[in-house]
Structure formats: C-alpha cells, structure tokens
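Structural overview
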Amino acid sequence: MRGAGAVIHSHGMETCMATMLNPGAKEFRISHMEMIKGIKGHGYTDELVIPIIENTPYEYELTDSLAEAIAAYPKATAVLVRNHGIYVWGDSWINAKTQAECYHYLLDAAIKMYQLGIDWTTPEHGPINSAKRLRSVASPGVPNGCHTAKSSKHCVVLDIEGTTTPISFVTDVMFPYARDNVRKHLTSTYDSEETKEDIKLLRIQVEEDLKIGVVGAAPVAPDDAGKEEVISSLVANVEAMIKADRKITSLKQLQGHIWRTGFERKELQGVVFEDVPEALKNWQSQGMKVYIYSSGSREAQRLLFGHTSYGDLRQFLCGFFDTTTGNKREARSYFEISQSLGVDNPSQILFITDVLQEAVAAKSAGFEVIISIRPGNAPLPANHGFRTISSFSEI
C-alpha cells in the first residue's frame, strides 16, 4: 500500500507500554521533540501521530485492521499494536531502521515523561492534565470518531444476533453459507498457513469433544491419511458443530474465513435492523464509544458491519470482542472487557443483548444491561428483572 522497501517489526518494551498509557486510545500523539525530525515528513514543531490497532491471537489476523490504519493515516510510517509492538516501514532498510530508532526513542521518552507527570502531547510539555491529555490523545481526527472528549468514559457494548441483526440472517444465511462452502474452502486453501492454523484448532477441539462425548464428534483423519480424508473428516465435524450452534473459537474462526470469501465475492451482504445505523451515528455524535461483543470471530464481525445495505458501519465502531475474550455467559468475560475499555467503573458500560444468561453475567460484572426484544428472539421468562427494548431508538 505504501511501496515500502523494508518493514521492521519490533517487540521493544516501550512500544508495548506506550499503548497502555491510555487503554482506550486509537492513536499515540507526541509533539515538540527533537527526534520527531527523524520521522519522514515531520519536523520538530509537528505533531507525530501513530495509529494504534488492537492485538490478535495470531499475527495474520492483524491484516484488516493494519490495512485500515495505513489507509486512514496517509502520513504515518508506523503502526502500534496494543500490548504487542510496532511496525515501521521506509523506502529502504536504512530508512526504516533510522525511523524505528526514532520511534523507540520517542515512545521511551513519553513513558518517562508520564512517570514524571509531564505532558508529552503538548508543545509546552507542562504538568499532565487528565482531561487535556484525553482530548489530545483522543483526537477528533480519529476516523471513526471513537475518542471525542465528551463522555469519553462511557461505552456501549452490543451483541449481534438478535440485537443488531435478525437471528434469521445468521441461521438462514450465514450458517448455511459456511456449511455449504466448508469443503470448497478447505480444499482450495489447504496448504495456506491460515488454514493450517484453522485445522490445528479444529483437531484440538474435536479431541476434547471426543473425551467428553459430544454428540456429532468424530475422529479427524491423520495427515498421512491424505488431504481428502482429512478434509472429509473435518467437514463432518464442522457440520455437526454448526448444526448444534456451538460457540467455540475453532468453529467461529473457520466460519469467519469462509464468510470473508463470501463478502469479497459479494455473495453475502450484512443485515442490521433499520434503527441500528441511526443509533450508531447518534452515539458517536454524543461522544459514546461503541463496541461489539459476539460469539462470531472479530473478522466475521468486521465483515458483517463493513458490508451492509447501509454502507460501511465500522466507522461508528471502536472495537470488537469475541470468544477469545471469554465465554459470553461468564461474568469474568465482562470484567476483562471493562479492563480493556479503561472505564473508571463497569457501570459506565451499557451492554445490550437478547440472551438472558449473558445479561445476568454482564450485570454480575457491574455493567448496565438492557435486553433486546426483536422478531424471532427466544421468549424471556417472567420477572427476569431487566429493562427491555424493541428498538435502539428507545435508549
């Protein structure tokens, strides 16, 4: 995308810690430091802005968010990955290396300034003022507007199926597409690193299923049995998992990769309820940060919201959580989300879902909770104790 002659990927401690200074920030900013001159296109008085993307369990899963950041920040020559490291690119090895050294220096300086109570984001570098720093780090220039200072510590976390999107779309369109294309996908991508990782996760899951007697689980053929045998045994297991609507990472990851092809070929289009786009716009204009927490993989979530009949809705979303965060029916998962969002109190997060067990878990973690009542959703028991809505416009 940038015609880079060389890319350096570093796990330097400062590249990791700098992303922790403001857990919710989508970019790192620093100004009036001599070493900024070592970054292509920048001078001493310029503000250096480095986009921050969220880390993923596997390196290849960074592709989409990395590409989005590069496209959104045309002047950037680096991208930070939260709690992970930094990618730096340049026209040549020497250019990339020089810039990488400058980035490490500046990030290290910011951490030390933070420890001393000095604001690294302003020209005068005076004492840190929390509100002022939030406005600087969380600039209105962020493409998806996730960091407006107003209400910067209030968040909305949305479920997808039965909340933003009809259950029928998932059960009648998405699941059948994955089921009908799993053999074709595995066959055409069998030797790719991505599919090798998918198969590895499926093998582990099937072994666990066989130990506890999960219905539909069948042994996966060993590699030496041949490609066709391995694929056939995997297809049988995946079809059983889909039929049982299993909420497991191995299945959701594979489905996400199959759906990616479907969206790219325009064989799939994301569906959301008609009140959803307007609500997302309103929340963003009010300074609210909106996130998704779904059992579907983060890639699948981005695909769905990126290809709707209302256009690309990802511009209104600040992040995505899936089952790698934890089971949606366990309070611990919501505690982890609250820690990631950097709120002072979990009660500053509103969670909207159609599943009572998820609502109970989120409430146990201190979230404010609303249950979504949409066409096709399962009925709720009497006296469940939660506020309900049939449209986001009621919030």
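Quantities reported herein were computed from a predicted structural model and do not represent experimental measurements. (Residues numbered from 1 in each chain as written. Predicted model: local features only at pLDDT ≥ 70, side-chain atom pairs only at ≥ 80, totals over all residues. Heavy atoms only, no water.)

1. Let's talk about the environment of V7
The cut-off we apply is this: Each helix corresponds to a stretch of at least 4 residues labelled H or I by DSSP, and each strand to a stretch of at least 2 residues labelled E; elements are numbered beginning at the N terminus. Whether two residues touch is decided by their heavy atoms; if any such pair falls within 4.5 Å, the residues are in contact.
Relative to the assigned elements, V7 resides in strand β1 (residues 6–10). Sequence separation between V7 and G90 is 83 residues, and the spatial gap between their C-alpha atoms is 6.7 Å. Leaving out residues up to four positions away in the same chain, V7 has contacts with Y87, V88 and W89.

2. Focus on the sheet that holds strand β8 (residues 319–321)
Counted only if it meets this: Paired strands are those between which DSSP finds at least two bridges. To define axes, lines are fitted to C-alpha atoms, for helices over the stretch in contact only, and angles between the resulting N-to-C directions are given on a 0 to 180 degree scale.
Taken in spatial order, the 6 strands make up an open sheet running β8-β7-β6-β9-β10-β11, and their pairing is parallel. Edge positions in the sheet fall to β8 and β11 (387–389), since each has one partner strand and no second. Averaged over all neighbouring strand pairs, the angle between strand axes comes to 25°, with direction disregarded. When strand β6 (residues 155–158) meets strand β7 (residues 289–293), the two strands line up parallel, connected through 4 bridges. Within the sheet, the bridge partner assigned to L158 lies in β7 and is I292. Across the face of the sheet, helix α11 (residues 331–341) comes into contact with β6, β7, β8 and β9 (349–353) while running at roughly 150° to β7.

3. Points about helix α3 (residues 93–115)
Applied cut-off: The span you would expect from a helix comes to 1.5 Å times its residue count less one. Between buried and exposed lies partly exposed: a residue is buried under 20% and exposed over 50% of the maximum accessible area for its type, with that area taken using a 1.4 Å probe on protein chains only.
With 23 residues, α3 extends 33 Å from end C-alpha to end C-alpha; this agrees with the ideal 33 Å at 1.5 Å per step. Turning to α3, its buried residues are A96, Q99, A100, C102, Y103, H104, L106, L107, A109, A110, I111 and M113. Residues of α3 that are buried make contact with β1, α1 (13–17), β2 (27–31), β3 (47–53), β4 (78–81) and β5 (85–90). G117 sits one or two positions beyond α3 and adopts a positive phi of about 80°.

4. Some details on the pattern of salt bridges
For clarity, the threshold we go by: By definition, a salt bridge exists where a carboxyl oxygen of Asp or Glu is found within 4 Å of a side-chain nitrogen of Lys or Arg.
Applying the stated criterion across every chain, the model contains 23 salt bridges. Between E54 and K26 there is a salt bridge, and its shortest N-O distance comes to 3.7 Å. Of the two residues, E54 is situated in the loop between β3 and α2 (63–72) and K26 in the loop between α1 and β2; the sequence distance between them amounts to 28 residues. Taken together, the shared-partner salt bridges connect K26, E54 and R82 into one network.

5. Here we look at the layout of surface pockets
Where we set the bar: The distinction between a cavity and a pocket rests on a 1 Å grid over the protein atoms alone: a 1.4 Å probe fits inside a cavity but cannot get out, while a pocket stays open yet meets protein on both sides within 12 Å along at least five of seven lines, and a residue with an atom within 4 Å of a point counts as lining. Grid points are joined across faces, edges and corners, and a volume is the space filled by probe spheres set on the points.
Put simply, the largest pocket is a space of about 1,100 Å³. In terms of lining residues, the largest pocket is bounded by 38 residues, among which K26, I53, E54, C318 and G319 are the most central. Those elements that provide at least two residues to the lining of the largest pocket are β3, α2, α10 (298–306), β8 and α11. The leading source of residues in the lining of the largest pocket is α2, at 4 residues.

6. Topic: the UniProt feature "domain: Class II aldolase/adducin N-terminal" (unreviewed entry) in the chain
Filter applied, for reference: UniProt positions are given in the numbering used here, feature names are shortened, and annotations may be inferred rather than shown by experiment.
The UniProt record marks residues 3–109 with the feature "domain: Class II aldolase/adducin N-terminal" (unreviewed entry), using the residue numbering of this structure. When the span residues 3–109 is considered, its composition is 30% helix and 25% strand, and the gap between its end C-alpha atoms is 30 Å.

7. Details of empty space enclosed by the protein
Here is the rule: Ten residue types, Ala, Val, Leu, Ile, Met, Phe, Trp, Tyr, Cys and Pro, are classed as nonpolar, four, Asp, Glu, Lys and Arg, as charged, and the remainder, Gly among them, as polar.
What the rule picks out here adds up to 2 cavities of 30 Å³ or more. Computed from the structure, the second largest cavity encloses a volume of approximately 50 Å³. V206, D209, V214, V215, G216, A217, N237, A240, M241 and R246 together form the lining of the second largest cavity. When residues of the lining of the second largest cavity are traced back to their parent elements, those giving at least two are α6 (193–212) and α7 (227–243). Tallying contributions element by element places α7 first for the lining of the second largest cavity, with 3 residues. Grouping the constituent residues of the lining of the second largest cavity by class yields 6 nonpolar, 2 polar and 2 charged.

8. Some points on the confidence of the model for the chain
Put simply, the test is: The predictor attaches a confidence to each residue, called pLDDT, with possible values from 0 through 100.
Looking at the chain as a whole, its pLDDT mean stands at 88, while 94% of the residues score no less than 70. Below a pLDDT of 50 lies the segment residues 130–145, which in the model reaches 38 contacts outside its immediate sequence neighbourhood of four places, other chains included. Ignoring residues within four places in sequence, the model shows residues 147–153, a span with pLDDT below 50, making 22 contacts including any to other chains.

9. Topic: the nonpolar core
Which entries qualify depends on this criterion: The criterion is simple. A nonpolar core is a set of buried Ala, Val, Leu, Ile, Met, Phe, Trp, Tyr and Cys residues joined through side-chain atoms within 4.5 Å. For the purposes of this description, domain bounds are those given by an automatic or database domain assignment.
The biggest cluster of nonpolar side chains holds 53 residues, and the ones touching the most others in it are L158, W259, L280, W283, F305 and I352. Ranked by the residues each element gives to this core, the list is headed by helix α5 (residues 167–189), at 8 residues. Residue-level mapping places this core at the junction of two domains, with at least three residues from each of domain 2 (155–163 + 270–394) and domain 3 (168–265).

10. Thoughts on the sheet that holds β1
Taken in spatial order, the 5 strands line up as β1-β5-β4-β3-β2 in an open sheet, and their pairing is mixed. Bordering the open sheet on either side are β1 and β2, each of which pairs with just one other strand. Looking at each pair of strands side by side, their axes are set apart by 20° on average, direction ignored. Pairing analysis gives 2 bridges linking β3 to β4, with the strands arranged parallel. From the neighbouring strand, I52 faces β4, where its bridge partner is L80. Each of β3, β4 and β5 touches α2; the most contacted strand, β3, lies at about 160° to it.

11. Details of a nonpolar patch on the surface
How we decide: Only residues whose relative accessible area exceeds 30% and that take part in no salt bridge are eligible for patches, with like-charged residues grouped when within 9 Å of each other and nonpolar side chains (Val, Leu, Ile, Met, Phe, Trp, Tyr) grouped when within 5 Å. Reported accessibility uses the Shrake-Rupley method at a 1.4 Å probe radius. Residues are deemed covered only where the shown protein chains occlude them.
A cluster of nonpolar residues, M13, M17 and M20, forms a patch on the protein surface that exposes about 300 Å² of accessible area. Note that M17 resides in helix α1. For M17, a relative accessible area of 34% translates into the label partly exposed.

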